[in-house]
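# Structure assessment
In case you want the letters, here they are:
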Amino acid sequence: MPAKRAFVYILRCADRTFYIGTAKNVQLRLAVHNAGKGAKYTRPRLPVRVVWQEGPLSLTRALQREYQLKQLTRQKKRKKNEISAFFPLAVLHNRDKIS
């Protein structure tokens, strides 16, 4: 049986806050968030958009990365170069500037 794979992603909410999550398919998860059926945190902060994603990673590794990202301060989450430095071996897909 193949290992489960997942992506870690950062959403930018309409109120300029960030939401960090893990999903097997980021675009489908984004659609769920924007339909108001995603995380409780994002429901009152629609629309949301993907600003970063990383992966695919093993599910275990993706959950570890999600936890690590959630430990960063808001200011560090905003800085592309600090996120890239935090994940020196990872391939990050820049969907938009975090600002």
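All figures in this text were calculated on a predicted structure; none of them were measured in a lab.

What follows covers helix α2 (residues 59–70). Taking 1.5 Å per residue as the helical rise, α2 with its 12 residues ought to reach 16 Å, and the 17 Å between its terminal C-alpha atoms agrees with that figure. Within the sequence span of α2, burial applies to A62, R65, E66 and L69. The buried residues of α2 occupy an angular sector of 105° when projected down its axis, which confines them to one face. Residues of α2 that are exposed and point over 90 degrees away from its buried face: T60 and Y67.

This part takes up the confidence of the model for the chain. Looking at the chain, the pLDDT average stands at 82 and 78% of residues meet or exceed 70. Considering each helix and strand of the chain separately, the mean pLDDT is smallest for strand β4 (residues 92–94), with a value of 46, and largest for helix α1 (residues 26–34), with 97.

This brings us to the packing of aromatic side chains. The full count for this structure, using the stated rule, is 2 aromatic pairs. Ring geometry for Y9 versus Y19: centroids 6.4 Å apart, planes at 45°, classification tilted. Within this pair, whereas Y9 is found in strand β1 (residues 5–12), its partner Y19 is found in strand β2 (residues 18–23), the two being separated by 10 residues in sequence. Since its relative accessible area comes to 2%, Y9 is described here as buried. Ring centres of Y19 and Y41 lie 6.3 Å apart, and the angle between their planes is 20°; on these two criteria the pair is classed as stacked. Here Y19, found in strand β2, pairs with Y41, found in the loop between α1 and β3 (49–58); they are 22 residues apart in sequence, far enough to count as distant. An aromatic cluster is present here, built from Y9, Y19 and Y41 joined pairwise through their rings.

As for its position among the elements, R12 is in strand β1. Of the buried charged residues, R12 lacks a salt bridge, with D15 as the closest side chain of opposite charge at 6.8 Å. Engagement of the side chain of R12 in a polar contact is seen with the backbone oxygen of R16, the distance being 3.3 Å.

Scoring rules and cut-offs
- Residues numbered from 1 in each chain as written.
- Predicted model: local features only at pLDDT ≥ 70, side-chain atom pairs only at ≥ 80, totals over all residues.
- Heavy atoms only, no water.
- Helix = DSSP H or I, 4+ residues; strand = E, 2+ residues; numbered from the N terminus.
- Expected span 1.5 Å × (residues − 1).
- Buried < 20%, exposed > 50% of the residue type's maximum accessible area, 1.4 Å probe, protein only.
- Arc of directions from axis to C-beta.
- pLDDT = per-residue confidence, 0-100.
- Phe/Tyr/Trp six-rings, centres within 6.5 Å; stacked < 30°, edge-to-face > 60°.
- Lys, Arg positive; Asp, Glu negative; His and termini not counted.
- Salt bridge = Lys/Arg side-chain N within 4 Å of Asp/Glu carboxyl O.
- Polar contact = N/O pair within 3.5 Å; in protein donor to acceptor, adjacent residues only side chain to side chain.

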